[in-house]
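This is what each chain is made of:
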Amino acid sequence: LPMDLYLVARSRFIIGCDAGFSTGFAVAFGTPILVTNVASPVASAFWPYENSRILLQKAVESETRRVLNLRERSHPRLSTVFNASTFNDMGYRWESNTAQEILDATVEMMDLVEQDSFDAPLTEEQEYFHRCRKEALASMWPLGGPYGDPKWSQQQDTMSRISASY
């Protein structure tokens, strides 16, 4: 474990998924993170820093096999679902990221790290994603509301961004 922590702390960036210790420790050390196969857009609040990139799984209509676009995907009714069974019951399924999507996002991260350009202005798509995530989080746990979990309420303004590969 000490060597694992050392490697996470010294890495140029970490590639992980939304489960496991590597991304949690990377946040603690300020190490940039590429988080792959994230199912719920609001889950990106777990990686709240500008040096994080989120690669969402595709949301697919089960019957038609149509992939939802970012606008459809970001609707609070869908973006707040964390459970695959619930998502399936709603008529949708998640599709894991492809090897090519992960490779493209990795190249993006390498460029960001090399150029130290994590503070670049948000793209139009990233701004839209940020607004939708903020609305979804507010609908789930309103700041100061009866179920307002400080862990989530404080993350409503997080600046992690979806990968350009999405």
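A. Spatial organisation of the overall build of the protein. Assigned secondary structure in the protein consists of eight helices and six strands. Going from N to C terminus, the protein has its helices and strands arranged as α-β-α-β-β-β-α-α-α-β-α-α-α-β. Expressed as a percentage of the 166 residues in the protein, the buried residues total 43%. Of all intrachain contacts in the protein linking residues separated by at least 6 positions in sequence, the fraction that spans at least 24 positions is 57%.

B. Geometry of the pattern of salt bridges. Considering all chains together, one arrives at six salt bridges under this definition. The partner of Arg 12 in a salt bridge is Glu 114, with the nearest N and O atoms 2.1 Å apart. Taken together, the residues span a long stretch of sequence, with Arg 12 in the loop between helix H1 (2–10) and strand S1 (14–17) and Glu 114 in helix H6 (residues 99–115) at a distance of 102 residues. For Glu 114, a relative accessible area of 54% translates into the label exposed. Among the salt bridges present, the one from Glu 101 reaches Lys 58, with a minimum N-O distance of 1.9 Å. Here the residue Glu 101 occupies a position in helix H6, and Lys 58 occupies one in strand S4 (residues 58–61), the gap between them amounting to 43 residues. Judged by its relative accessible area of 23%, Lys 58 is partly exposed. By sharing partners, the salt bridges in this structure join Glu 61, Arg 66 and Glu 72 into a single network.

C. Representation of the pairing of strand S5 (residues 92–95) within the structure. What you see with S5 is a clean split: Tyr 92 and Trp 94 sit on the buried side and Arg 93 and Glu 95 on the side with no burial. As judged from the four bridges shared by S4 and S5, these two strands associate in the antiparallel manner. Of the residues in S5, the one forming a bridge with Val 60 is Arg 93.

D. Quick peek at H6. For H6, built from 17 residues, the straight-helix expectation of 24 Å at 1.5 Å per residue is met to within 8% by its first-to-last C-alpha distance of 24 Å. Every buried residue of H6 is listed here: Glu 101, Ala 105, Thr 106, Glu 108, Met 109, Leu 112 and Val 113. Taken end-on, H6 shows its buried residues confined to a sector of 160°, consistent with a single buried face. Those residues of H6 that are exposed and aimed more than 90 degrees away from the buried face are Ala 99, Glu 114 and Gln 115.

E. Layout of the pairing of strand S3 (residues 52–56). Of all the five residues making up S3, five are buried; the element is thus mostly covered by neighbouring parts of the structure. With burial as the criterion, each face of S3 is covered, one bearing Ser 52, Ile 54 and Leu 56 and the other bearing Arg 53 and Leu 55. Bridge count between strand S2 (residues 33–38) and S3: four bridges; the pairing is parallel. Among the inter-strand pairings, Val 35 is bridged to a residue of S3, identified as Ile 54. Sheet topology note: the S3/strand S6 (residues 161–162) ladder contains two bridges and is parallel.

F. Fine view of a nonpolar patch on the surface. A cluster of nonpolar side chains, namely Met 3, Tyr 6 and Leu 7, defines an oily patch on the protein surface of about 340 Å² accessible area. Inspection of the secondary structure puts Met 3 in helix H1. Assessed through its relative accessible area of 52%, Met 3 is described here as exposed.

Here is what the cut-offs are and how they apply
- For every chain, the first residue of the written sequence is number 1, and numbering continues from 1 onward in sequence order.
- Where totals are concerned, whole chains, interfaces and linings use all residues; where local detail is concerned, this predicted model gives features only for residues with pLDDT of at least 70, and gives and counts side-chain atom pairs only at 80 or more.
- Neither water nor hydrogens contribute to the side-chain values; these are computed over all heavy atoms in the structure.
- We count a stretch as a helix when DSSP gives it H or I for four or more residues in a row; a strand needs E for two or more, and each element gets its number in order from the N terminus.
- Any residue under 20% of the maximum accessible area for its type is buried, any over 50% is exposed, and the rest in between are partly exposed; the area is computed with a 1.4 Å probe on protein chains only.
- Note on contacts: a residue pair qualifies if any of its non-hydrogen atoms lie within 4.5 Å across the two residues.
- By salt bridge we mean one thing: a side-chain nitrogen of Lys or Arg within 4 Å of a carboxyl oxygen of Asp or Glu.
- Here, any two strands with at least 2 DSSP bridges between them count as paired.
- Expected span of a helix: the number of residues minus one, times 1.5 Å.
- Think of the arc as the fan of directions from the helix axis to the C-beta atoms.
- Here a patch means residues that are over 30% exposed by relative accessible area and free of salt bridges, tied together within 9 Å if like-charged and within 5 Å if nonpolar (Val, Leu, Ile, Met, Phe, Trp, Tyr).
- Exposure was quantified through the Shrake-Rupley algorithm and a 1.4 Å probe, taking into account, for residues, occlusion by the shown protein chains and nothing else.

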